[in-house]
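Here are the chains, one letter per residue:
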Amino acid sequence: MNKSSLALALALSVSLNAFAKDHVLHTFKKIQLTDQFWGEGASFGDFNHDGKMDIVSGPYWWEGPDYKKRHEYAPATQTFKLKKADGNEETIPGFEGGLGKNNTYSKNFFAFTGDFNHDGWTDILILGFPGEDSNWYENPKGRDGHWVKHLALDVTDNESPAFTDITGDGKPEIVCASKGSYGYAQPDASDATKPWKWHSITPNNNYHKFTHGMGVGDVNGDGRMDLLEKDGWWEHPASLAGDPVWKFHKFNFGVGGAQMYAYDVNGDGRNDVITSTSAHGYGLVWYENISENGEITFKEHVILNKLVGDQKKPAPNNYGVVFSQLHAIDLIDMDGDGLKDIVTGKRFWAHGPSGDAEPNAPAVLYWFKLVRGPNHTADFIPYLIDDNSGIGTQVVARDINGDKLPDIVVGNKKGTFVHLHETKKVSQAEWEKAQPKAGR
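Residues numbered from 1 in each chain as written. Predicted model: local features only at pLDDT ≥ 70, side-chain atom pairs only at ≥ 80, totals over all residues. Heavy atoms only, no water.

(A) Up close: the overall build of the chain. Counting its regular elements, the chain contains two helices and 29 strands. Dimensions of the chain along its principal axes, counting C-alpha atoms only, are 65 × 60 × 45 Å. Buried positions account for 55% of the 440 residues belonging to the chain. In the chain, the share of contacts with a sequence separation of at least 24, taken over all contacts with a separation of at least 6, comes to 50%. Summed over its atoms, the accessible surface of the chain is roughly 18,900 Å², and 49% of this surface lies on carbon and sulfur atoms. Side chains of the chain carry 44 positive and 59 negative charges; the gap between the two charge centres is 5 Å. (Helix = DSSP H or I, 4+ residues; strand = E, 2+ residues; numbered from the N terminus. Buried < 20%, exposed > 50% of the residue type's maximum accessible area, 1.4 Å probe, protein only. Contact = heavy atoms within 4.5 Å. Areas by Shrake-Rupley, 256 points an atom, 1.4 Å probe, with all protein chains shown as cover. Lys, Arg positive; Asp, Glu negative; His and termini not counted. Charge placed at Lys NZ, Arg CZ, Asp CG, Glu CD.)

Okay, structure coming up:
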């Protein structure tokens with residue numbers, strides 16, 4: 001072990017001892033809302049005004065806090081036929097996913113929520129299959145039946161679009177590619193039912209609808225949100241008047257992974273970049289923001305190994321962890337230490353039961369605890385949450401039940417899940433046994 005690794009290991013030991021506090025373990029209670037495949041994303045919101053957060057995925061929402069009562073807010077007519085061992089066919093609701101044998105795709109890739117018409121009730125925004133339209137559904141204020149559907153954006157491209165405030169006006173926008181350009185779609189302030197206005201921020205570079213890897217964050221520390229994509233980042237200009245083309249800074253962030261984040265990983269005051277490097281392969285990394293000849297560039301730090309050379313599977317990382325298809329990432333402080341951690345996992349059957357790296361391996365879900373060491377070093381410590389749910393194209397980690405602990409919502413080909421975050425005090429021995437061991 002070299003001096004740098006030894007220093008980081010010592011810092012890790014100190015940090016984990018502080019993390020233990022009264023020997024508190026972070027655990028998760030899994031609730032499977034359905035085993036049917038309706039969407040690759042899920043989110044939450046208080047749809048019935050009872051003060052409890054509900055969960056949405058596909059055409060359904062489930063009432064919190066127990067998520068047993070399901071409501072159909074949009075037509076749920078999709079079915080598929082499965083031939084049973086006795087030769088008979090069974091009709092199963094939803095798209096064909098884990099309950100079937102073949103690969104299909106849903107029409108619901110991402111779910112977001114918000115009060116889009118400002119009536120005090122939470123609505124639902126669904127970003128559909130790449131290249132297709134995105135729509136928001138108007139909350140009927142407690143009435144039964146399907147919610148009124150409104151077109152937001154006619155073409156939503158890229159497999160990691162975002163719904164976040166890229167303009168700095170305090171209101172979220174759909175950020176994606178559309179018809180060849182990156183940009184954002186903004187609701188009409190005078191009439192929420194009108195299609196959202198599209199603003200290109202790049203030239204028409206013929207970005208493909210299935211391009212992977214995109215995010216929003218302040219790369220250069222000027223207080224404005226930049227756009228990150230797999231080939232570099234687009235710098236937010238001083239003014240957005242007239243829809244100017246943003247300045248492009250080229251950098252290879254991989255072949256295209258999941259969501260991308262700008263965050264100061266190592267505490268040096270500069271925002272680094274966190275992402276997976278291949279949505280259908282292997283690799284989780286953070287790119288250290290460094291200066292070279294007065295320009296921002298990045299130094300790669302591997303969290304989960306990528307394929308090298310003619311490998312079919314990379315070696316496990318220093319904690320013995322390796323898994324494929326990291327198609328979704330969230331970034332949030334999971335343990336309350338003030339540092340943001342990574343939540344990700346394996347997308348189950350991204351392209352079905354064959355064709356991708358280890359499609360039938362366990363659908364794991366992890367959180368990676370950020371630990372800062374001396375001399376602006378950093379490590380991410382993996383904690384397994386579950387091995388039979390995974391992620392979709394989206395994973396959402398937020399406090400759903402009001403206990404100040406981030407919970408996790410997932411929709412994918414195995415169904416819809418919520419993982420409720422819990423803590424419990426344990427003995428020193430129990431706590432040490434639960435800690436990942438470095439140096440494997």
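(B) Main features of the nonpolar core. In terms of nonpolar packing, the biggest core is built from 39 residues, with Ile274, Ile342, Val343, Phe368, Phe380 and Ile408 touching the most fellow members. Examining the composition of this core, we find that six residues originate from one element, strand 25 (residues 365-372), more than from any other. Setting aside chain neighbours within four positions, we find Ile342 in contact with Ile274, Leu284, Ile303, Ile329, Asp330, Leu331, Tyr366, Trp367, Phe368 and Phe380. (Core = buried A, V, L, I, M, F, W, Y, C linked by side-chain atoms within 4.5 Å.)

(C) Seen up close, the environment of Gly100. Here Gly100 is to be found in the loop between strand 7 (89-93) and strand 8 (110-114). Discounting chain neighbours no more than four positions away, the residues touching Gly100 are Phe80, Leu82 and Trp349.

(D) Main features of the packing of aromatic side chains. Taken as a whole and assessed by the stated rule, the structure comprises 28 aromatic pairs. For the pair Phe348 and Trp349, a centre-to-centre distance of 5.0 Å together with 10° between the ring planes defines the contact as stacked. Members of the aromatic cluster, each reached through a chain of ring pairs, are Phe110, Phe112, Phe116, Trp136, Phe163 and Trp196. In this arrangement the basic side chain of Arg70 is found over the ring face of Tyr60, its NZ or CZ atom lying 3.7 Å from the centre. The residue whose ring lies beneath Lys414 is Phe348, and the NZ or CZ to ring-centre distance is 4.4 Å. (Phe/Tyr/Trp six-rings, centres within 6.5 Å; stacked < 30°, edge-to-face > 60°. Lys NZ or Arg CZ within 6 Å of the ring centre and 35° of its normal.)

(E) Summary view of the pattern of salt bridges. For the structure shown, the criterion picks out twelve salt bridges. The salt bridge involving Glu300 is made with Lys306; its shortest N-O contact spans 2.8 Å. In this structure, Asp335 engages Lys369 in a salt bridge whose closest nitrogen and oxygen atoms are separated by 2.7 Å. Remark: Lys369 occurs in strand 25 and Asp335 occurs in the loop between strand 23 (329-332) and strand 24 (341-345); sequence separation between them is 34 residues. Of the residues examined, Asp335 reaches a relative accessible area of 11% and is grouped as buried. Here the salt bridges share partners, and the residues they tie into one network are Asp335, Asp337 and Lys369. (Salt bridge = Lys/Arg side-chain N within 4 Å of Asp/Glu carboxyl O.)

(F) Unusual backbone geometry, seen in detail. With an omega of 10°, the peptide bond running from Gly64 to Pro65 counts as cis. Note on placement: Pro65 falls in the loop between strand 4 (60-62) and strand 5 (70-72). Here the phi dihedral of Asp243 falls at roughly 50°; this positive angle occurs in a residue that is not glycine. Along the polypeptide, Asp243 turns up in the loop between strand 17 (232-235) and strand 18 (247-250).

(G) Spatial organisation of the sheet that holds strand 23. Taken in spatial order, the four strands of this open sheet run 23-24-25-26, and their pairing is antiparallel. Of all strands in the sheet, those with a lone pairing partner are strand 23 and strand 26 (378-386), marking the two edges. Direction aside, the axes of adjacent strands within the sheet are offset by 25° on average. Bridge count for strand 24 against strand 25 is four bridges, and the pairing is antiparallel. Paired with Val343 across the strands is Trp367, a residue of strand 25. (Pairing = 2+ DSSP bridges. Axes fitted to C-alpha atoms, helices over the stretch in contact; angles between N-to-C directions.)

(H) Local environment of the environment of Phe323. Here Phe323 lies in the loop between strand 22 (295-304) and strand 23. We classify Phe323 as buried; its relative accessible area is 5%. Taking C-alpha positions, Phe323 is 8.7 Å from Pro362, a pair spaced 39 residues apart along the chain.

(I) Quick peek at the sheet that holds strand 3 (residues 54-57). Reading across from one edge, 2-3-4-5 is the order of the four strands in this open sheet, with antiparallel pairing throughout. Among the strands making up the open sheet, the edge pair consists of strand 2 (43-45) and strand 5. On average, each strand axis in the sheet is inclined to that of its neighbour by 30°, with strand direction left out of account. The pairing of strand 2 with strand 3 spans three bridges and is classified as antiparallel. In the strand pairing of strand 3, Gly45 is matched with Asp54.

(J) Examining the environment of Pro244 more closely. Mapping Pro244 onto the fold places it in the loop between strand 17 and strand 18. With relative accessibility at 24%, the residue Pro244 sits in the partly exposed group. Distance in space between the C-alpha atoms of Pro244 and Ile201 is 6.4 Å, their sequence separation being 43 residues. Ignoring any residue separated from it by four or fewer positions in sequence, one finds Pro244 in contact with Ser200, Ile201, Pro237 and Ser239.

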